[in-house]
Amino acid sequence: MNWLTTSMKTFGERYPEVKTEYLSPNEYSLQSFIAILNQAIATRPDGIAVPILNNKALHPILDKTISSGIPVVAFNIADTRPPDQRIRYLTYVGGDEYLTGMKLGEYVIEQANAGKIPKPTKMMCANHDATHQGLKARCQGMTYAMKKIGVSVDELVIGADPARARSIMQSYLSTNKDVNYIFTLGTLSCPWAYSVADQMGLKPKLSDKGMTIVSVDDSPNSLEGIKEGKILASHSQGFWLQGYLPMEILYFNKKMGMYPLNDIITGPIVINASNVDQWIKFVKNIIGEE
């Protein structure tokens, strides 16, 4: 999470009179997230920035919070419902998850049409969290892009446990032999997908023209995967801006009652072999060499 904490540090240097605090649960689950959110609300802050992991679960909590006078900015994950139905936050700062899947899908089609990679026959979306609306939106965007060329996409819930996820993917690929593309909806799962495909003899290395893997985010997993020719492409959703801008929006709202009238979309930007070195350099500046 260095992208977030680094950007918040920059905000703190620019606005030293403002105290910011980053809260995160110890375990990855919606229930743990709601518990930490309630903990934050109980401190009665001047504002809260929060990813909308699940709009149905968070709507009553955040509506009550907003009605009590605490403004909310959504970041990283939006409430994608129509404005008159969504949570009444000031604005959203982050990527468009549907566009993420769609743009990566369009890139796959472009490269396949140019003869640089195999043409998709069927794709698997590896989803490590069935409750995460952002991940589902990524898969939906990819599905929309693939539909244009008559390719079907299956969403496979693999979970966040590495061993179980590998087992589920192996079982699926064993019975769906027409699948030649894997879209990992989280960067943590792209090494799992590669190792499974490799062990099954599906030749996931790009130079082997076998299984092709597409991933997400500008993390070491994705970037090194692209650099090593194991992953075709990934994306950036402007993580640093997602940490900094919500704090500044809440600050200006507190001081002057101002806030953006439209959402601020910070991505996607497609990362591939042509620009991966630039992104590796940028990310190392944020999270360090290790």
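See the structure shown above.
Here the structure is a predicted model, which means the values were calculated and not measured.

Look at helix α6 (residues 162-175): 20 Å from first C-alpha to last across 14 residues, which is about the 20 Å you get at 1.5 Å a residue. Every buried residue belonging to α6 is among Ala165, Ile168, Met169, Tyr172 and Leu173, and all of these are buried. Buried residues along α6 cover an arc of 125° about the axis, so they all sit on one side. Away from its buried face, by an angle of more than 90 degrees, α6 presents the exposed residues Ala163, Arg164 and Thr175. Summarising the contacts, the buried residues of α6 are in contact with β4 (122-127), β5 (152-157), β6 (181-184) and α7 (190-199).

For the rest of this paragraph, the subject is the side chain of Asn176. Locating Asn176 in the fold gives a position in the loop between α6 and β6. Exposure remark for Asn176: the relative accessible area of 16% places this residue in the buried category. Side-chain polar atoms of Asn176 contact the side chain of Thr175, separated by 3.3 Å. Among residues more than four places away in sequence, those in contact with Asn176 are Lys122 and Asp154.

Looking now at the sheet that holds strand β1 (residues 48-50). Across a sheet, strands are paired by hydrogen bonds formed along the backbone, either parallel or antiparallel in direction. If you trace the four strands from one edge of the open sheet to the other, you get β1-β2-β3-β9, paired in parallel fashion. Only two strands of the sheet have a single neighbouring strand rather than two, namely β1 and β9 (264-265). Examined bridge by bridge, β1 and strand β2 (residues 72-75) share three bridges and lie parallel to one another. What sits directly across from Val50, in β2, is Ala74.

This next bit is on the packing of helix α4 (residues 97-113) against helix α5 (residues 133-147). Taken N-terminus to C-terminus, the directions of α4 and α5 make an angle of 35°; their axes are 6 Å apart at the nearest point. Considering how the two elements wind past one another, α4 and α5 form a crossing that is right-handed. Facing α4, whose interface residues are Glu97, Tyr98, Thr100, Gly101, Met102, Leu104, Gly105, Glu106, Val108 and Ile109, α5 presents Gly134, Ala137, Arg138, Gln140, Gly141, Met142, Tyr144, Ala145 and Met146.

Another point: the pattern of salt bridges. Scanning the entire structure with this criterion turns up 13 salt bridges. The salt bridge involving Asp63 is made with Arg88; its shortest N-O contact spans 3.5 Å. Of this pair, Asp63 sits in helix α3 (residues 55-67) while Arg88 sits in the loop between β2 and β3 (92-94), and the two are 25 residues apart along the sequence. Overlapping salt bridges, with partners in common, bring together Glu97, Arg138 and Asp217 in one network.

What follows concerns the sheet that holds β5. One open sheet accounts for four strands, arranged β5-β4-β6-β7; its pairing is parallel. The open sheet has two edge strands, β5 and β7 (212-214), and neither has a second partner. Each adjacent strand pair in this sheet contributes to an overall mean axis angle of 20°, direction not counted. Sheet topology note: the β4/β6 ladder contains four bridges and is parallel. Residue pairing across strands places Ala126 opposite Thr184, the latter belonging to β6.

Our next topic: a nonpolar patch on the surface. Among the surface-exposed residues, Phe252, Met256 and Met258 lie close enough to one another that they form a single nonpolar patch of about 290 Å² accessible area. We classify Met258 as partly exposed; its relative accessible area is 47%.

All right, on to the side chain of Ser222 then. Assignment of secondary structure puts Ser222 in helix α8 (residues 220-227). The class for Ser222 is buried, based on a relative accessible area of 0%. Looking at Ser222, its side chain comes within polar contact range of the side chain of Thr187, at 2.9 Å. For Ser222, the residues in contact, after removing those within four places along its chain, are Thr187, Cys190, Ser215, Val216, Asp217, Ile231 and Ser234.

Analysis parameters
- Residues numbered from 1 in each chain as written.
- Predicted model: local features only at pLDDT ≥ 70, side-chain atom pairs only at ≥ 80, totals over all residues.
- Heavy atoms only, no water.
- Helix = DSSP H or I, 4+ residues; strand = E, 2+ residues; numbered from the N terminus.
- Expected span 1.5 Å × (residues − 1).
- Buried < 20%, exposed > 50% of the residue type's maximum accessible area, 1.4 Å probe, protein only.
- Arc of directions from axis to C-beta.
- Contact = heavy atoms within 4.5 Å.
- Polar contact = N/O pair within 3.5 Å; in protein donor to acceptor, adjacent residues only side chain to side chain.
- Pairing = 2+ DSSP bridges.
- Axes fitted to C-alpha atoms, helices over the stretch in contact; angles between N-to-C directions.
- Left-handed = near helix turned anticlockwise from the far one by under 90°.
- Salt bridge = Lys/Arg side-chain N within 4 Å of Asp/Glu carboxyl O.
- Patch = residues over 30% accessible without salt bridge, like charges linked within 9 Å, V, L, I, M, F, W, Y side chains within 5 Å.
- Areas by Shrake-Rupley, 256 points an atom, 1.4 Å probe, with all protein chains shown as cover.

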